[in-house]
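# Structural characterization, general
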Amino acid sequence: MIQIDIYSDMVCPWCRIGKSNLMKALAAWKDGDQATVSYRAYQLDPELPPEGKPFQEAMAKKMGGVHQIAQATDQVTRAGAAAGVPFRFDRVTRMPNTKLAHRLTALLPSDKQGPWVDAVMKAYFEEGQDIALREVLLSLASELGEDAEALGRRLDLGEGETQVKDDQQQAARMGVTGVPFFVFNNKYALSGAYPPDQIVKVLEQTAAEAAD
């Protein structure tokens, strides 16, 4: 059994590509069904207000101008297309605070976390939905078969806060400064959206050492 921890953020396009590549690697690897994947919270901009900011404003401040935004989004759109992951930045109007989305990840059963992260990223990157909004997130959870009212009550009680804080503190202790960041059996780490074949090599190395 291999434990894989993914530190990622729902507004990180490279995290979407990296997750897709990991799933392809697990499907291609002979022992892929023996791996357990856990999704850990990381926020690219934890200082965003709860309601987020306009996308162009937030990105221009971060990247230094509108021209740089176009270059970055074009690059990731091409990379996504090559990996089979679509992006529609023309529909993205908000830069959301993702803390609430991460809290909901922590509240879901482990087998539902992967589909949940996929659904949130699809809603944001393809449909331009504002994933800072509670109603948007609970609607996505409902579409996955979850009890949105029950999840809403758990959010009201503050559930998920501790898990998100713990993940962020652990990431800081490990020196994570960018995502996606993958940790294999608490021993090996990959930072970035590596191709599936390179991920398979790490899986094989991790499995071989675990068997010794």
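For the structure given in this document, a descriptive report is provided here. (Residues numbered from 1 in each chain as written. Predicted model: local features only at pLDDT ≥ 70, side-chain atom pairs only at ≥ 80, totals over all residues. Heavy atoms only, no water.)

### Things to note about the pairing of strand β5 (residues 181-184)
Here is the key point about a regular strand: its side chains alternate between the two faces of the sheet. The line we're drawing: Buried means the residue's accessible area, taken with a 1.4 Å probe over protein chains only, is under 20% of the maximum for its type, while exposed means over 50%, and partly exposed covers the values in between. Runs of H or I in DSSP of at least four residues are treated as helices and runs of E of at least two as strands, each being numbered from the N terminus. DSSP calls a pair of strands paired once it identifies at least 2 bridges connecting them.
Judged by which residues are buried, β5 turns out to be covered on both faces: F181 and V183 on one side and F182 and F184 on the other are all buried. Of the pairings in the sheet, the one linking strand β1 (residues 2-8) to β5 comprises four bridges and is antiparallel in character. What sits directly across from I6, in β5, is F182. Where β5 and strand β6 (residues 188-191) come together, four bridges link them in antiparallel fashion. Bridge pairing in β6 places F181 opposite S191. Hairpin remark: β5 followed by β6, antiparallel, with three residues in the connecting loop; positive phi at N185, about 50°.

### Re the pattern of salt bridges
Threshold: By salt bridge we mean one thing: a side-chain nitrogen of Lys or Arg within 4 Å of a carboxyl oxygen of Asp or Glu.
Applying the stated criterion across every chain yields a total of 14 salt bridges. Across the salt bridge formed by R40 and D5, the nearest N and O atoms sit 2.9 Å from each other. Taken together, the residues span a long stretch of sequence, with R40 in strand β2 (residues 35-41) and D5 in strand β1 at a distance of 35 residues. With relative accessibility at 30%, the residue R40 sits in the partly exposed group. On the accessibility criterion, D5 (6% relative accessible area) is buried. Put simply, R88 and D90 hold a salt bridge, and the shortest N to O gap is 2.6 Å. Using a relative accessible area of 33% as the deciding quantity, one classes R88 as partly exposed.

### Some details on the packing of helix α4 (residues 99-107) against helix α7 (residues 148-156)
Condition: Between N-to-C directions, angles cover 0 to 180 degrees, with each direction set by a line fitted to C-alpha atoms, over the stretch in contact for helices. Any angle from 65 to 115 degrees is called roughly perpendicular, while one under 35 is roughly parallel, one over 145 is roughly antiparallel, and all others are oblique. Crossing handedness follows the turn of the near helix against the far one: under a right angle anticlockwise gives a left-handed crossing, and clockwise gives a right-handed one. Here, two residues are considered to be in contact whenever any of their heavy atoms come within 4.5 Å of each other. Three categories are distinguished: nonpolar for Ala, Val, Leu, Ile, Met, Phe, Trp, Tyr, Cys and Pro, charged for Asp, Glu, Lys and Arg, and polar for the others, with Gly belonging to the last.
Packing of α4 against α7 leaves a shortest axis separation of 11 Å and a crossing angle of 115°. In this view, α4 runs roughly perpendicular relative to α7, as classed from their interaxial angle. Remark: the crossing between α4 and α7 carries right-handed chirality. On α7, the residues that touch L100, R103, L104 and L107 of α4 are L151, R154 and L155. Residues belonging to the contact of α4 with α7 are distributed by class as follows: five nonpolar, no polar and two charged.

### So, the packing of aromatic side chains
The geometry of two aromatic rings is summed up by the distance between their centres and the angle between their planes. Quick reminder of the rule: Aromatic pairs are defined between Phe, Tyr and Trp rings, using the six-membered ring for Trp, whenever the two ring centres lie within 6.5 Å; interplanar angles under 30 degrees are classed as stacked, those over 60 as edge-to-face, and all others as tilted. A ring is scored as having a charge over it whenever the NZ atom of a lysine or the CZ atom of an arginine sits within 6 Å of its centre and within 35 degrees of its normal.
Overall, the coordinates contain five aromatic pairs when judged by the stated rule. Judged by centre distance (5.7 Å) and plane angle (10°), the rings of F87 and F89 are stacked. Residue F87 is classed as buried on the basis of its relative accessible area, which comes to 6%. Classification of F89 by relative accessible area gives buried; the value is 15%. The residue whose ring lies beneath R16 is F87, and the NZ or CZ to ring-centre distance is 5.6 Å.

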